[in-house]
Amino acid sequence: MTGFDHLGFLGFDTFGTVVDWRSGVARSAARFLDRHGIGVDPLAFADEWRSLYQPAMEEVRSGRRPWVRLDVLNGENLRTVLARHGVEVGDLPDGELADLNRAWERLDPWPDSVEGLTRLKRRFAIGPLSNGHLAGMMRLARFGGLPWDVIVGAEIARSYKPTPETYLRSADAVGLPPERVGMVAAHNDDLRAARACGLRTVFVRRPHEHGPAQSTDLAPAERWDVEVESLIEAADALGCP
């Protein structure tokens, strides 16, 4: 496809685009909530935890807080959510919070993800260009069988998307100029920021990322280079056998 012939790397948003974070976090939370008699719906718990994700990263993006990895932010947010529901976090057994925080490393790929990535990898080097930290992305890949070539993104850049540094330093890390990198995401704001840095764009529609009442990113907000319903369709569109 014109515009993709000279690409050397495809970077993927991961949470929501490649893996189903909501169901996976709820699955881990359900066991924890039941064990401690916390009367919160696991899916609602996952949504509440995720709602603190962007505000926590914004503290880093804005410079109000020095760089910290996403697992640190997620762990702090987890404590906040539990405290809101009356849990004495300090009374929980050692290791339980850490294990629940690793729910973000035990997320199932969407049904098309592994096949689509495997095909895309035949033509392009691929890897997460994610806000996730390196160790978490490694464990998530092993859990879900994600066939990455390399992991870039926030920890490489020491910056969170959608800051330009995250895309530009990731491109530099794989030895390519931005115009030879493609960004694959289910989120219009991610693609908008990537395109502003010179990357090519692939929109993958994930209308159930936030559950049945999802109201965001249901359709392309702009004309992206490629717009598809799955990563298998992305492989078709990009001429991957």
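Report follows, based on the coordinates. (Residues numbered from 1 in each chain as written. Predicted model: local features only at pLDDT ≥ 70, side-chain atom pairs only at ≥ 80, totals over all residues. Heavy atoms only, no water.)

This part covers the pattern of salt bridges. A full pass over the atoms with the stated rule returns 22 salt bridges. Among the ionic pairs, Arg84 bridges to Glu48, the shortest N-O distance being 3.0 Å. Within this pair, whereas Arg84 is found in helix α4 (residues 70-84), its partner Glu48 is found in helix α2 (residues 42-51), the two being separated by 36 residues in sequence. In this structure, Glu229 and Arg205 form a salt bridge, with 3.0 Å as the shortest nitrogen-oxygen distance. With Glu229 in the loop between β6 (226-228) and α11 (231-237) and Arg205 in the loop between β5 (200-204) and β6, this pair connects stretches of sequence that are 24 residues apart. Residues participating in the shared-partner salt-bridge network are Asp13, Lys161 and Asp190. (Salt bridge = Lys/Arg side-chain N within 4 Å of Asp/Glu carboxyl O. Helix = DSSP H or I, 4+ residues; strand = E, 2+ residues; numbered from the N terminus.)

Turning our attention to the side chain of Glu105. Structurally, Glu105 is set in the loop between α5 (96-101) and α6 (113-121). Judged by its relative accessible area of 10%, Glu105 falls in the buried class. Within the local environment of Glu105, its side chain forms a polar contact with the side chain of Arg139, the two groups lying 2.7 Å apart. Once residues lying within four places of it in the same chain are set aside, the contact partners of Glu105 are His133, Gly136, Arg139, Leu140 and Phe143. (Buried < 20%, exposed > 50% of the residue type's maximum accessible area, 1.4 Å probe, protein only. Polar contact = N/O pair within 3.5 Å; in protein donor to acceptor, adjacent residues only side chain to side chain. Contact = heavy atoms within 4.5 Å.)

Let us now look at the environment of Ala234. Checked against the element boundaries, Ala234 lands in helix α11. You can call Ala234 buried: its relative accessible area is 2%. Remark: the alpha-carbon pair of Ala234 and Arg158, spanning 76 residues in sequence, is separated by 29 Å.

Along the polypeptide, Arg223 turns up in the loop between β5 and β6. A residue is classified by how much of its surface remains accessible, and Arg223, at 74% relative accessible area, is exposed. Distance in space between the C-alpha atoms of Arg223 and Ala185 is 14 Å, their sequence separation being 38 residues.

Among all positions of helix α10 (residues 188-196), only Asn188, Asp190, Leu191, Ala193 and Ala194 are buried. Check the buried side of α10 and you find it contacts α9 (164-173), β4 (181-185) and β5. Once α10 finishes, Gly198 follows within two positions and takes phi at roughly 100°, a positive value.

Turning next to the nonpolar core. Counting residues in hydrophobic clusters, the biggest one holds 59 residues, and the most contacted among them are Leu10, Phe12, Phe15, Phe45, Leu82 and Leu120. It is helix α1 (residues 21-35) that provides the largest number of residues to this core, a total of 6 residues. Residues within four places of Leu10 in sequence aside, it is in contact with Leu120, Phe124, Ala125, Ile126, Gly127, Gly182, Val184 and Leu238. Counting 16 residues, the second largest nonpolar core, distinct from the first, contains Leu129, Tyr167, Leu176 and Phe203. (Core = buried A, V, L, I, M, F, W, Y, C linked by side-chain atoms within 4.5 Å.)

This part takes up the pairing of β4. Across the 5 residues of β4, 5 count as buried, placing the element largely inside the fold. Neither face of β4 is open: one carries Val181, Met183 and Ala185, the other Gly182 and Val184, and all of them are buried. Where strand β1 (residues 9-12) and β4 come together, 4 bridges link them in parallel fashion. Within β4, the residue paired with Leu10 across the bridge is Gly182. Here β4 runs beside β5; their pairing, made up of 4 bridges, is parallel. Directly across from Gly182, in β5, lies its bridge partner Arg200. For the crossover that starts at β4, traverses α10 and ends in the parallel β5, the hand is right-handed. (Pairing = 2+ DSSP bridges. Right-handed = clockwise from strand over helix to strand, strands pointing away.)

Turning our eyes to something else, we now look at the sheet that holds strand β2 (residues 125-130). Backbone-to-backbone hydrogen bonds join strands into a sheet, with any given pair of strands oriented parallel or antiparallel. Overall, parallel pairing links the 6 strands, which are arranged β3-β2-β1-β4-β5-β6 in an open sheet. The open sheet has two edge strands with one neighbour each: β3 (152-153) and β6. As judged from the 4 bridges shared by β1 and β2, these two strands associate in the parallel manner. Directly across from Gly11, in β2, lies its bridge partner Gly127.

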